[in-house]
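Structure at a glance
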Amino acid sequence: MAVNTPAIETYLVNTPVREKPFPFAKLALITVAMLFMALFLLLPLIVVFSEALSAGLGEYLSALADPGVLSAIWMTVAIAAVAVPANVLFGIIASWCIARFKFTGREFLITLIDLPFSISPVVAGLLQVLLFGTTGLFGPWLSDHNIQIIFALPGMILATTFVTFPFVARELIPLAQEQGNDEEEAAVTLGASGLQIFWRVSLPKLRWGLLYGVLLCNARAMGEFGAVSVVSGKVFGYTDTLSLAVESLYDSYEIQAAFATASLLAMLALVTLVLKAALEWAHRDELHALKRKKAAT
Amino acid sequence: MSATIGRRQFAWRQPSILPGFAPSLTITLVWLGVIVVGPLAVMLWFTAGLGWHGFFSILSRPRVLGDLWVSVWTAFAASAVNAVFGLLVAWVLTRYEFPGRRFADALVDLPFALPTAVAGIALSTLYAPNGWIGSLLAPLGIKIAFTPAGIVVAMMFISLPFIVRTVQPIIEDLEYEQEEAAHLMGATGAEIFRRIIFPAILPALLTGFALAFARALGEYGSIIFIAGNKPMVSEILPLLIMAQLDQFDYQGATAIGTLMLFVSFVLLLAINLLQAWVRRRHGG
């Protein structure tokens with residue numbers, strides 16, 4: 001099909017839109033858009049590092065070496081270390097069932113999985129309090145058995161898992177749907193078992209999407225504030241995560257230390273963005289190849 | 001293929017030769033029930049325990065109504081401003097080539113990646129009367145931090161990517177031939193925008209607006225630092241839930257939480273309808 005396309009049409013279709021009829025308008029639009037982004041996105045990022053380093057590098061490093069901050073780093077990593085793998089496992093299983101099979105109620109399941117996205121993080125925390133708090137559903141039983149969930153690590157993990165629940169699943173489901181089942185079905189006819197199909201056919205196909213989901217899920221899990229704020233005891237150096245430590249320090253007017261702690265989270269965000277852009281770049285080639293393959297057949 | 005051969009009449013699922021349907025569906029349902037649906041049901045059950053009278057007497061407290069109004073108008077203002085600038089940013093990033101475009105494109109996702117507490121203290125420091133931006137506005141008598149305007153600024157920051165990322169793919173798919181034809185027929189830039197481009201991207205823009213609005217309404221982290229947290233003036237519902245919890249008023253917190261859940265549902269429904277509109281329009 002593409003072979004017969006006249007040269008001029010190919011030129012028109014393939015030439016990116018660069019030359020606009022109104023060069024002045026173009027310049028003005030670019031300027032306004034970039035000024036807006038500089039003011040609203042770049043400046044907040046710059047102010048974090050500028051405030052963090054306002055008292056010099058020595059002060060910056062000593063703020064980070066504070067035992068309270070070190071404990072917050074540990075709490076943050078501990079929460080993400082449980083919440084992210086849990087959501088990865090769920091995302092893989094849910095995408096297998098929702099993307100590989102066609103059944104009634106599929107769309108509704110996707111809506112339910114997406115639900116935590118549209119619920120306020122504070123409500124997510126409130127849910128844990130209603131379940132496990134002293135006056136909550138399981139409160140009396142938990143206090144009889146001396147188990148503490150609220151104002152402790154388990155509650156913070158549960159709240160974070162709720163908030164980050166859709167992240168991996170919603171990347172994997174559309175990708176798996178897009179890729180289709182042909183390879184998996186071929187593997188079945190060749191006698192592969194379910195696990196063999198998953199490890200050797202599906203997982204390699206979904207690898208980019210999975211990495212992408214893990215990246216975003218981890219960024220949110222490590223940075224979550226509202227939900228853990230409700231269920232944390234908020235004791236600096238004990239149940240504070242990095243986000244909560246930022247608040248504790250800021251509220252006690254240790255501004256430079258608060259920004260030093262915040263700079264760690266900002267660096268995490270920057271690393272996430274760079275990796276995300278890199279993945280999108282790699283993924284884009286793959287998508288292009290897929291599209292071309294489709295067009296050729 | 002195989003579905004057409006042996007299809008049973010009232011089958012709720014199409015037959016497949018792939019293994020693992022029953023276990024994966026069971027695990028999905030159980031997990032979903034334990035983490036998401038169960039806890040939400042418990043909140044609704046606690047709310048039901050308040051009775052209609054108790055529920056509405058909490059929701060009709062002046063502070064709840066006042067904060068609801070503040071939540072709605074600030075989220076609306078932030079989404080409206082973002083609809084204009086988000087569209088502009090999406091347009092510029094998709095249609096034009098200029099130095100730094102790739103960097104700017106990656107930067108759009110910053111609010112997704114930057115923890116809200118970090119955004120909160122950064123914005124609050126910038127817009128405080130002695131901050132970089134606040135000190136420029138102070139002589140003009142404009143106060144942003146610790147006023148409702150501060151809430152709008154924080155909501156704008158966190159919800160910008162929703163609009164840009166929803167509109168961007170639609171702009172990419174626009175058929176440039178239409179604009180070219182209109183231009184050849186003598187249409188001005190403004191006319192082309194108003195009569196060709198805008199109608200094509202309107203459904204996506206509204207979807208982005210609704211997503212941004214929903215996100216702004218539930219936001220807590222970035223707002224607690226920059227809002228004045230003054231009841232009914234610069235306090236929004238998530239802050240109020242937190243305040244109720246701090247006073248151990250669990251009934252109040254639960255009732256407000258249910259109200260917010262209800263609003264989320266309505267917005268989710270609106271977003272789904274809008275997305276169906278986008279799909280119909282663009283056949284994707």
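Residues numbered from 1 in each chain as written. Chains lettered and ligands numbered in written order. Predicted model: local features only at pLDDT ≥ 70, side-chain atom pairs only at ≥ 80, totals over all residues. Heavy atoms only, no water.

Notes on the overall build of chain A
Definition in use: Helix numbers and strand numbers start at the N terminus; a helix is a DSSP run of H or I with at least 4 residues, a strand a run of E with at least 2. Any residue under 20% of the maximum accessible area for its type is buried, any over 50% is exposed, and the rest in between are partly exposed; the area is computed with a 1.4 Å probe on protein chains only. In what follows, a contact means two residues having at least one pair of non-hydrogen atoms within 4.5 Å. Computed by Shrake-Rupley with a 1.4 Å probe, the accessible areas treat only the displayed protein chains as cover when residues are assessed.
Secondary structure summary: chain A contains 14 helices and 0 strands in total. The order of helices and strands in chain A, counted from the N terminus, is α-α-α-α-α-α-α-α-α-α-α-α-α-α. With 297 residues in all, chain A has 49% of them scored as buried. Long-range contacts, defined as pairs at least 24 residues apart, comprise 72% of the intrachain contacts of chain A with a sequence gap of at least 6. Accessible area of chain A: about 14,300 Å², with a carbon and sulfur share of 68%.

A closer look at the interface of chain A and chain B
This is how the line gets drawn: Take the accessible area each of two parts loses on contact, using a 1.4 Å probe, and add the two losses: that sum is the buried area. A carboxyl oxygen of Asp or Glu within 4 Å of a side-chain nitrogen of Lys or Arg is what we treat as a salt bridge. In protein, a polar contact requires one atom able to donate a hydrogen and another able to accept it; more generally it is a pair of N or O atoms within 3.5 Å, and residues adjacent in sequence count only if both atoms are side-chain atoms.
Opposite the 88 residues of chain A that make contact, chain B presents 90 residues. Counting the surface chain A buries against chain B, the share from its top three residues, Phe36(A), Leu41(A) and Phe101(A), is 8%. On inspection of chain A and its partner chain B, the count reaches 1 salt bridge. Counting across the interface, chain A meets chain B through 7 residue pairs in polar contact (both at pLDDT 80 or more). Looking at the side of chain A that touches chain B, the element that brings in the most residues is helix α2 (residues 23–52) of chain A, giving 20 residues.

Structural notes on the environment of Leu190(A)
With respect to the helices and strands, the residue Leu190(A) is situated in the loop between α10 (182–189) and α11 (194–223). Between the C-alpha atoms of Leu190(A) and Pro174(A), which are 16 residues apart in sequence, the distance is 26 Å.

A word on the domain arrangement of chain B
Residue and element names in this part refer to chain B. Basically, it comes down to this: Where each domain starts and ends comes from a domain assignment, either automatic or drawn from a database.
Partitioning chain B into domains gives domain 1 (16–48) and domain 2 (54–281). Domain 1 and domain 2 are separated by 31 Å when their C-alpha centres are compared. The partner domain 2 presents 5 residues to the 5 residues of domain 1 that form the contact. For the pair domain 1 and domain 2, the summed buried area comes to about 440 Å², and 86% of that belongs to carbon and sulfur atoms. Inspection of the region where domain 1 meets domain 2 yields 0 salt bridges. The tally of links from domain 1 across to domain 2 stands at 1 residue pair in polar contact (both at pLDDT 80 or more).

Let's talk about the pattern of salt bridges
For the coordinates displayed, the defined rule picks out 14 salt bridges over all chains. Between Asp109(B) and Lys276(A) there is a salt bridge, with its nearest N and O atoms 2.3 Å apart. Of this pair, Asp109(B) sits in the loop between α4 (101–107) and α5 (110–113) while Lys276(A) is found in helix α14 (residues 255–296), placing the two residues in two different chains. Each member of the pair, Asp109(B) together with Lys276(A), is buried. Here Arg95(B) makes a salt bridge to Glu179(B), at a shortest N to O gap of 2.9 Å. Of this pair, Arg95(B) sits in helix α3 (residues 62–95) while Glu179(B) is found in helix α9 (residues 176–184), placing the two residues 84 residues apart along the sequence. In this structure, Arg95(B) and Glu179(B) share a single accessibility class: buried. When salt bridges that share partners are traced, they join Lys276(A), Glu280(A), Asp105(B), Asp109(B) and Arg165(B) into one network.

Some words on the packing of helix α4 (residues 67–100) of chain A against helix α5 (residues 106–114) of chain A
Residues and elements named next belong to chain A. The cut-off we apply is this: All axes are obtained by fitting lines to C-alpha atoms, using only the stretch in contact for helices, and the reported angles, taken between N-to-C directions, cover 0 to 180 degrees. Angular relationships are summarised with four words: roughly parallel below 35 degrees, roughly antiparallel beyond 145, roughly perpendicular across 65 to 115, and oblique for the angles in between. The sense of a crossing depends on the near helix, which, turned anticlockwise from the far helix by less than a right angle, makes the crossing left-handed and, turned clockwise, makes it right-handed. Asp, Glu, Lys and Arg are counted as charged, while Ala, Val, Leu, Ile, Met, Phe, Trp, Tyr, Cys and Pro are counted as nonpolar; the rest, among them Gly, fall into the polar class.
Close contact between α4 and α5 brings their axes to 11 Å; oriented N to C, the two are set at 160°. Comparing their axes, α5 and α4 come out roughly antiparallel. Like other packed secondary-structure pairs, α4 and α5 cross with a definite hand, here left-handed. The segment α4 lies against α5, with Phe90, Ala94 and Ile98 engaging Arg106, Leu109, Ile110 and Ile113. Residues of the contact of α4 with α5, tallied by class, amount to 6 nonpolar, no polar and 1 charged.

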